Amino acid sequence: MQLVFDILSWGAWSVDFQDKESWLNWDNSVTASSDNKASPALAHVPAMQRRRFSRLTKMMLTAAHDCQPASSCRSVFASRHGELTRTLGLLQDIVSKEALSPLAFSQSVHNTASGIYGMVSGNTAASTSIAAGEETLSQAVIETYAQLVDNPEPVLLVFGDDPVPPVYNQYTQEFELPLALGLYLAPENNGHQSAIAQLTLTSCSDAMATTKAALSFAELINAIACQKSLSGQLCHWHWQLTQPLEPDLR
């Protein structure tokens, strides 16, 4: 199976690379600061609203905002862990027999970022939330592709996760979190606007997977930022990033 997209715009946030310009300077010697408690400023959202959001929601909203999508675009939000930290806090309150916060409860669902994005942006178009373990990002791309087959209007894809609470560390090995990535995707040769890159995903057999270099999320984001080609395995799929061909003006 092969899926091909035009990337129209992008956005990303991590504690070490908080804007598009900083991603230009990424290199693989940088170790993600997972214990850093920094959070996006989210300046485009009123303070009374954003102070209630979790860091994960702020990260995903920042990545979405940086994509500058159409005001009525469809969206796909993807997170392996979702609001796990908030949910764990609620469980601890139950154990302690303390009253649950209605706000914390309302924002503990997996589609929190998706719902809040619709509210702060005024976007009432359909939004889908994806959780698929280690393949969460690739499965979100597949969902986006299916939506584009049904309707070629561009779709906003937003992926993000925070580190799991320490009690869950034994169940997962993740080294790049916290991180959020937004991609505004259209069909190949979409005709809507100029693409900054073309993204191709190809399903990997086990044999192919052992011969392909592993990619990190940061490598992918850096390649998009620098507008350079890239190829390798990520989330159990082979990812290829290429630059669009110059138009033939003859």
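What counts and how
- Residues numbered from 1 in each chain as written.
- Predicted model: local features only at pLDDT ≥ 70, side-chain atom pairs only at ≥ 80, totals over all residues.
- Heavy atoms only, no water.
- Helix = DSSP H or I, 4+ residues; strand = E, 2+ residues; numbered from the N terminus.
- Buried < 20%, exposed > 50% of the residue type's maximum accessible area, 1.4 Å probe, protein only.
- Contact = heavy atoms within 4.5 Å.
- Pairing = 2+ DSSP bridges.
- Axes fitted to C-alpha atoms, helices over the stretch in contact; angles between N-to-C directions.
- Phe/Tyr/Trp six-rings, centres within 6.5 Å; stacked < 30°, edge-to-face > 60°.
- Salt bridge = Lys/Arg side-chain N within 4 Å of Asp/Glu carboxyl O.
- Parallel < 35°, antiparallel > 145°, perpendicular 65-115°, else oblique.
- Left-handed = near helix turned anticlockwise from the far one by under 90°.
- Expected span 1.5 Å × (residues − 1).
- Core = buried A, V, L, I, M, F, W, Y, C linked by side-chain atoms within 4.5 Å.
- Patch = residues over 30% accessible without salt bridge, like charges linked within 9 Å, V, L, I, M, F, W, Y side chains within 5 Å.
- Areas by Shrake-Rupley, 256 points an atom, 1.4 Å probe, with all protein chains shown as cover.
- Disulfide = S-S within 2.5 Å.

Draft legend 1. Spotlight on the overall build of the protein chain. Helix and strand counts for the protein chain come out as 9 helices and 8 strands. C-alpha extents for the protein chain along the principal axes are approximately 70 × 40 × 35 Å. Counting only residues that meet the buried cut, the protein chain has 46% of its 250 residues in that class. Pairs at least 24 residues apart make up 71% of the contacts formed inside the protein chain by residues separated by at least 6 positions.

Draft legend 2. Broad picture of the sheet that holds strand β1 (residues 2–14). The sheet built from 8 strands is open, its strands ordered β3-β2-β4-β5-β1-β6-β8-β7 with mixed pairing. The sheet is open, and its two edges are formed by β3 (127–130) and β7 (230–234), each paired on a single side. For this sheet, the mean angle separating the axes of adjacent strands, direction not counted, is 25°. Pairing of strand β2 (residues 74–78) with strand β4 (residues 155–161), which is carried by 5 bridges, proceeds in the parallel orientation. Pairing of Phe-77 across the sheet is with Val-158, part of β4. Lying on the sheet, helix α6 (residues 112–121) is in contact with β2, β3 and β4; it crosses β2 at an angle near 145°.

Draft legend 3. Local environment of the packing of aromatic side chains. Applying the stated criterion across every chain, the model contains 4 aromatic pairs. Here the aromatic rings of Phe-77 and Tyr-117 are separated by 5.5 Å at their centres, their planes lie at 45°, and the arrangement is tilted. Of this pair, Phe-77 sits in strand β2 while Tyr-117 sits in helix α6, and the two are 40 residues apart along the sequence. For Tyr-117, a relative accessible area of 8% translates into the label buried.

Draft legend 4. Highlighting the side chain of Thr-144. Of note, Thr-144 is situated in helix α7 (residues 136–150). Among all residues touching Thr-144, those that are not within four sequence positions of it are Phe-5, Val-76, Val-155, Leu-157 and Leu-185.

Draft legend 5. Up close: the environment of Leu-177. Secondary-structure assignment places Leu-177 in the loop between β4 and β5 (179–187). Of the residues examined, Leu-177 reaches a relative accessible area of 6% and is grouped as buried. When the C-alpha positions of Leu-177 and Asp-162 are compared, they lie 5.5 Å apart, and in sequence the two are 15 residues distant.

Draft legend 6. Representation of the pattern of salt bridges in the model. Summed over all chains, the structure comprises 3 salt bridges. With a shortest N-O distance of 2.9 Å, Arg-55 and Asp-162 are connected by a salt bridge. With a gap of 107 residues between them, Arg-55 in helix α3 (residues 55–67) and Asp-162 in the loop between β4 and β5 connect regions that are remote in the sequence. By relative accessible area, Arg-55 is classed as buried at 15%.

Draft legend 7. Local environment of the packing of α3 against α6. Contact geometry of α3 with α6 gives a least axis separation of 10 Å together with a crossing angle of 50°. For the element pair α3 / α6, the angle class is oblique. Along this stretch, α3 crosses α6, giving a crossing that reads as right-handed. From α3, Thr-57, Met-60, Leu-61 and Ala-64 reach across to α6, where they touch Thr-112, Ala-113, Ile-116, Tyr-117 and Val-120.

Draft legend 8. Spotlight on the side chain of Ser-216. Along the chain, Ser-216 turns up in the loop between α8 (206–209) and α9 (217–226). When near neighbours in sequence (up to four residues on either side) are disregarded, Ser-216 contacts Trp-26, Glu-176 and Leu-234.

Draft legend 9. Representation of α7. The first and last C-alpha atoms of α7 sit 21 Å apart over 15 residues, in line with the 21 Å expected at 1.5 Å per residue. What α7 keeps buried is the set Thr-136, Leu-137, Ser-138, Ala-140, Val-141, Thr-144, Gln-147 and Leu-148.

Draft legend 10. Examining the nonpolar core more closely. Ranked by size, the top nonpolar core spans 40 residues in total, and within it Ile-7, Trp-10, Trp-23, Leu-137, Leu-234, Trp-239 and Leu-241 carry the most contacts. Looking at this core, the element that brings in the most residues is α9, giving 7 residues. Aside from chain neighbours lying at most four places away, what touches Leu-137 is Leu-157, Phe-159, Phe-217, Leu-234, Cys-235 and Trp-239.

Draft legend 11. Up close: a nonpolar patch on the surface. Taken together, Leu-91, Ile-94, Leu-100 and Phe-105 make up a surface patch of nonpolar side chains, about 380 Å² in accessible area. Along the chain, the position of Phe-105 falls in helix α5 (residues 102–106).

Draft legend 12. Looking closely at the state of the cysteines. The final tally for this structure, using the stated rule, is 0 disulfides. For Cys-73, which is in no disulfide, the shortest distance to another cysteine sulfur is to Cys-67 and amounts to 8.9 Å.

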